[in-house]
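Observations on chain architecture
Each chain is listed here by its residues.
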Amino acid sequence: MVRIDYDISDDSDYLFTCAELKKRETEFLDENRIEKLLMSGGTDEFIKTLRDTVYSKYLDDLEDSGNFDRIVLSEYGNTVKFLNERLRDEHKPIIGILFLEENLHNLKVVIKSIVLDMDLENLFIPISDSYQTLREAALKENYKEIDQSISEVFSFAVEIAGVQKNYRLMELEIEKFYLSKMFDSAKKIKRQFITDYLRHIIDIYNIQNICRNKYLEEDLNFDNFIYENGFLSKNSLKRFESENLDFLVKELEWTDYSDMIAKGIHTLNSGKTFSSFKKSEGRFLMDFFDPLKFTVSNPEKIFQFFFRKKNELRYLNIIYTGIFYGIDKEKIRNKVKV
């Protein structure tokens with residue numbers, strides 16, 4: 001990754017919070033522990049290995065339910081509560097950026113539930129508003145009771161759902177509008193590092209959309225799924241419209257994303273899965289946070305801690321679910337950072 005010398009100013013308001021989170025870093029699982037979890041002979045052994053970790057308080061419920069998602073959702077709730085209590089108002093849009101993927105997923109789930117007239121609450125990931133609250137707001141087209149950071153996006157999504165009958169195009173239009181609004185929110189925080197984080201996210205969305213389009217041979221115009229505000233300009237990416245994936249790898253080997261693209265496309269061709277993109281994305285973004293090690297207390301360090309927490313929860317969920325269903329260890333390993 002090309003290193004940028006960010007001038008990340010410290011903020012004394014966050015000195016106590018960052019000191020608290022620094023102390024809490026001991027709760028992250030090291031690679032040896034992750035490896036031991038991965039090699040568990042069954043879910044009982046997995047749970048036993050987690051007994052003396054920060055997740056021990058959830059394990060009785062895990063034994064009863066066999067569902068790691070409940071741990072993830074509980075930790076997400078704790079994260080949102082912590083950030084709402086500790087961040088100043090001008091920095092609270094960071095919460096939406098941290099949970100960008102989950103909020104976009106929820107938006108699509110609620111709109112799909114309305115279009116298909118189906119109850120899809122089991123697919124919903126509670127972050128701030130509940131499934132019922134969001135669905136009712138969309139049905140009544142009254143968004144006063146939902147989180148204001150997403151109310152405008154919901155209004156747009158409901159409007160698009162009423163006129164766009166191609167569901168794939170509808171999703172892409174919602175995604176484009178959502179990322180545009182998130183970028184506006186990031187700029188209002190006035191922290192260049194956070195804005196650049198989101199620019200990388202937009203680049204990754206664009207790259208993955210191109211790869212999906214080429215691999216699945218989707219009959220879509222690039223204008224439908226190439227989004228503005230990334231580091232890679234829309235025009236520079238549109239030139240791949242008539243080229244194959246090998247050309248994409250060669251032409252973008254000079255960028256920060258070269259390793260992600262090469263490994264992602266290799267896994268896509270050999271294993272017919274997009275999982276490598278997600279794994280490489282996590283590694284890439286963790287590396288992006290490296291300049292923060294020279295700082296002491298700022299919203300970026302708070303964001304980094306909970307980004308890392310989300311990554312760990314995702315890996316643990318993948319490992320537990322893989323063990324639960326008896327999936328080959330190497331297939332699980334290929335989906336997580338070990």
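Basis of the calculations
- Numbers given for residues are sequential positions, taken from 1 along each chain in its written order.
- Only residues with pLDDT of 70 or above have their local features reported here, since the model is predicted, and side-chain atom pairs are shown and tallied only from 80 upward, although totals for entire chains, interfaces and linings are computed over all residues.
- Based on all heavy atoms of the structure, the side-chain values leave hydrogens and waters out of the count.
- Stacked, tilted and edge-to-face are the three classes assigned to paired rings of Phe, Tyr and Trp, where Trp is represented by its six-membered ring and a pair needs centres within 6.5 Å; plane angles under 30 degrees give stacked, over 60 edge-to-face, the rest tilted.
- For helices the rule is a DSSP run of H or I covering at least 4 residues; for strands it is a run of E covering at least 2, with both sets numbered from the N terminus onward.
- Each residue's exposure class comes from its accessible area (1.4 Å probe, protein chains only) as a fraction of the maximum for that residue type: buried when under 20%, exposed when over 50%, partly exposed otherwise.
- By the convention used here, residues are in contact when the closest approach between their heavy atoms is within 4.5 Å.
- Expected span, for any helix, means 1.5 Å times one less than how many residues it has.
- Summarising the geometry, the arc corresponds to the directions from the helix axis toward the C-beta atoms.
- Throughout this description, the term nonpolar core refers to a set of buried Ala, Val, Leu, Ile, Met, Phe, Trp, Tyr and Cys residues connected via side-chain atoms within 4.5 Å.
- Any pair of N or O atoms that falls within 3.5 Å is considered a polar contact. Within protein, one atom must be able to donate a hydrogen and the other to accept it, and sequence-neighbouring residues count only if both atoms are side-chain atoms.
- For helices, the axis comes from a line fit to the C-alpha atoms of the stretch in contact; other axes are also lines fit to C-alpha atoms, and the angle between any two N-to-C directions lies between 0 and 180 degrees.
- Oblique is the label for any angle not under 35 degrees, not over 145, and not in the 65 to 115 range, which are roughly parallel, roughly antiparallel and roughly perpendicular in turn.
- For a crossing to be left-handed, the near helix must be turned anticlockwise from the far one by less than a right angle; the clockwise case is right-handed.

Glancing now at the packing of aromatic side chains. We describe a pair of aromatic rings using the distance from one ring centre to the other and the angle between the two ring planes. Inspection of every chain in the model, using the stated rule, returns 25 aromatic pairs. Ring centres of phenylalanine 82 and phenylalanine 306 lie 5.3 Å apart, and the angle between their planes is 55 degrees; on these two criteria the pair is classed as tilted. Of the two residues, phenylalanine 82 is situated in helix H5 (residues 69–86) and phenylalanine 306 in helix H16 (residues 299–324); the sequence distance between them amounts to 224 residues. Residue phenylalanine 82 is classed as buried on the basis of its relative accessible area, which comes to 9%. The exposure class of phenylalanine 306 is buried, given its relative accessible area of 4%. A connected cluster of aromatic rings, assembled from ring pairs, spans Tyr6, Phe193, Tyr197, Phe288, Phe289, Phe303 and Phe307.

Let's shift gears to the environment of leucine 15. Turning to its location among the elements, leucine 15 is positioned in helix H1 (residues 15–24). Classification of leucine 15 by relative accessible area gives partly exposed; the value is 47%. Leucine 15 sits 282 residues away from serine 297 along the chain, and the two C-alpha atoms are 5.0 Å apart. Ignoring anything within four residues of it in the chain, the contact list for leucine 15 reads Val296 and Ser297.

Taking 1.5 Å per residue, 14 residues should reach 20 Å; helix H14 (residues 258–271) reaches 19 Å between its end C-alpha atoms and fits that length. Burial in H14 covers these residues: Met260, Ile261, Gly264, Ile265 and Leu268. One face of H14 carries all of its buried residues, which in axial projection span an arc of 115 degrees. Seen from the buried face of H14, the exposed residues on the opposite side, beyond 90 degrees, are His266 and Ser270. Turning to H14, the residues buried within the fold contact helix H11 (192–216), helix H13 (245–251) and helix H15 (275–288).

Moving on, we get to helix H2 (residues 31–38). Where H2 is concerned, the buried positions are Ile34, Leu37 and Leu38. Taken around the axis of H2, the buried residues stretch over an arc of 100 degrees, which confines them to a single face. Exposed side chains of H2 directed beyond 90 degrees from the buried face belong to Asn32 and Lys36. For H2, the elements touching its buried residues are helix H3 (43–49), H16 and helix H17 (329–333).

What follows deals with the nonpolar core. Within the largest apolar cluster, 109 residues are counted, with the highest numbers of intra-cluster contacts made by Phe46, Phe68, Phe154, Tyr197 and Leu248. Those residues in contact with phenylalanine 154 that sit more than four places away from it in its chain are Leu107, Val110, Leu134, Ala138, Tyr143 and Ile146.

Secondary-structure assignment places glutamate 35 in helix H2. With 284 residues separating them in the primary sequence, glutamate 35 and isoleucine 319 have C-alpha atoms 9.8 Å apart. Reaching out from glutamate 35, the side chain makes a polar contact with the side chain of arginine 333 at a distance of 2.9 Å.

This part is about unusual backbone geometry. Although it is not a glycine, glutamate 217 sits at a positive phi angle of roughly 55 degrees. If you trace the backbone, glutamate 217 turns up in the loop between H11 and helix H12 (234–238). You can call glutamate 217 exposed: its relative accessible area is 69%. Non-glycine residue asparagine 229 carries a positive phi angle of around 85 degrees. Position of asparagine 229 relative to the elements: it lies in the loop between H11 and H12. For asparagine 229, a relative accessible area of 29% puts it in the partly exposed group.

Let us now look at the packing of H11 against H14. Packed helices, taken two at a time, are described by their axes: the angle between them and the distance between them. The interhelical angle for the contact between H11 and H14, taken along N-to-C directions, is 30 degrees, at an axis separation of 12 Å. By the criterion of interaxial angle, the relationship of H11 to H14 is roughly parallel. Between H11 and H14 the crossing geometry is right-handed. Contacts between H11 and H14 pair Ile204, Ile207, Cys211 and Tyr215 from the former with Met260, Ile261, Ile265, Leu268 and Asn269 from the latter.

Within the secondary structure, isoleucine 114 is located in helix H7 (residues 100–116). Accessibility expressed as a relative area gives 28% for isoleucine 114, which makes it partly exposed. Sequence-wise, isoleucine 114 and leucine 139 are 25 residues apart; in three dimensions their C-alpha atoms are separated by 7.6 Å. Once residues within four sequence positions are removed from consideration, isoleucine 114 is found in contact with Arg135, Ala138 and Leu139.

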